[in-house]
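Residue strings, one per chain:
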Amino acid sequence: MASAVLPSGSQCAAAAAAAAVAAAAAPPGLRLRLLLLLLSAAALIATGDGQNLFTKDVTVIEGEVATISCQVNKSDDSVIQLLNPNRQTIYFRDFRPLKDSRFQLLNFSSSELRVSLTNVSISDEGRYFCQLYTDPPQESYTTITVLVPPRNLMIDIQKDTAVEGEEIEVNCTAMASKPATTIRWFKGNKELKGKSEVEEWSDMYTVTSQLMLKVHKEDDGVPVICQVEHPAVTGNLQTQRYLEVQYKPQVHIQMTYPLQGLTREGDALELTCEAIGKPQPVMVTWVRVDDEMPQHAVLSGPNLFINNLNKTDNGTYRCEASNIVGKAHSDYMLYVYDSRAGEEGSIRAVDHAVIGGVVAVVVFAMLCLLIILGRYFARHKGLFSLTSSPRIK
């Protein structure tokens, strides 16, 4: 917003008023000429001293309504006029010579000329001039700034499917905005840092942000979010893509029998191999490390079953799983105990319990005996003293 004082002229307010009436009554083709003549006579118009013309800058979102206000302090009924950036008269007092119906009069008085502009477009941006016919004439301008939200928001991932440990490129583009947008990146709830480039064309800006992302198996199914911040956008404007990450199998061996976990001669052993990966492993194999698999071992998919265990079955058994990403394995070490190992352990436990019980009874009996003896000596203490003292004749 700025103001300026135009060159002064002679006093002819009555002539200016008459010219305004004539312009209003003239045919459409003559109105503009009459108004231009009136503007050329602005230096000849005089009013009272001490008036002050002022305006305010306007910021509006494309497609919405802008309000332009020319205001006067200490008004003495001087003429107010509003012009567009091309210096065409929009309103002269309460008369609109410009054939643009988007401009509508909201208020006209000796102290204000307020006009609305509907369906604002980027072409409406610029300086609008308020003129006050005083002596000397005054002029002030207001700047309309039009905000344009991004036309389109697109996210593109270099690879639809990535492999764990691989670095991929993700791009996000916010097209045709004004001013340029700010792009932020998130992986789930974690914010990441990208690199942005801005391209300008016809006062509009296209922003492209690049993110280099190293993926891990934990990222599978996690969204990558491109979020835009712009003064014309309320709330969160964002788009996202879900990561698809392939990873090698994770292998775990589960003993399903015996339940107590103690393997003895003559017992059976059953192990189950659990393998999870992406893509899911289709082949799970069992091998015996550094030896051949026992002849009585039975393999059924992920299950290994060994019946009638003996000490020759001792060793390390490995479950292997693979997919297109890689291989993985897990080991189980088998040790076969004697057939009486569990029973001997139980007998030892029973013997220990019996011995502990006997010791407890003996200690309790000794405590009781000490208590009884103590009370006995306490009661007979006086009697012993009397019988042991000498008689006096």
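Predicted, not measured: the structure shown is a model, and the values here were computed from it. (Residues numbered from 1 in each chain as written. Predicted model: local features only at pLDDT ≥ 70, side-chain atom pairs only at ≥ 80, totals over all residues. Heavy atoms only, no water.)

Draft legend 1. Broad picture of the sheet that holds strand β25 (residues 315-322). Spatial strand order, β22-β25-β26: 3 strands in an open sheet with antiparallel pairing. Lying at the two open borders of the sheet, with one neighbouring strand each, are β22 (283-288) and β26 (327-334). Put simply, the sheet's adjacent strands are angled 20° from each other on average, direction ignored. (Pairing = 2+ DSSP bridges. Helix = DSSP H or I, 4+ residues; strand = E, 2+ residues; numbered from the N terminus. Axes fitted to C-alpha atoms, helices over the stretch in contact; angles between N-to-C directions.)

Draft legend 2. View of the side chain of S330. Relative to the helices and strands, S330 is located in strand β26. Beyond its immediate sequence surroundings of up to four residues, S330 is in contact with V251, H252, I253, Y317, R318 and C319. (Contact = heavy atoms within 4.5 Å.)

Draft legend 3. Local environment of the sheet that holds strand β19 (residues 237-242). Strand order in this open sheet of 4 strands is β15-β14-β18-β19, and the pairing throughout is antiparallel. In the strand order of this sheet, the two ends are held by β15 (190-192) and β19, each with one partner. When strand polarity is set aside, the average angle formed by the axes of neighbouring strands in this sheet is 30°. The pairing of strand β18 (residues 223-229) with β19 spans 6 bridges and is classified as antiparallel. Its bridge partner lying in β19, V224 is registered against R241.

Draft legend 4. Region of interest: unusual backbone geometry. Residue P136 follows D135 across a cis peptide bond; omega there is 0°. The residue P136 is located in the loop between β9 (126-132) and β10 (138-147) in this model. The omega angle of the peptide bond from K178 to P179 is -5°, so this bond is cis rather than trans. Looking at where P179 falls in the secondary structure, it is placed in the loop between β13 (167-177) and β14 (182-187). We note that D290 has phi near 60°; this positive angle belongs to a residue other than glycine. Classification of D290 by relative accessible area gives exposed; the value is 78%. Non-glycine residue N308 carries a positive phi angle of around 55°. Its place among the elements puts N308 in the loop between β24 (303-306) and β25. (Buried < 20%, exposed > 50% of the residue type's maximum accessible area, 1.4 Å probe, protein only.)

Interpretation note: all reported values are geometric properties and have no functional meaning in isolation.
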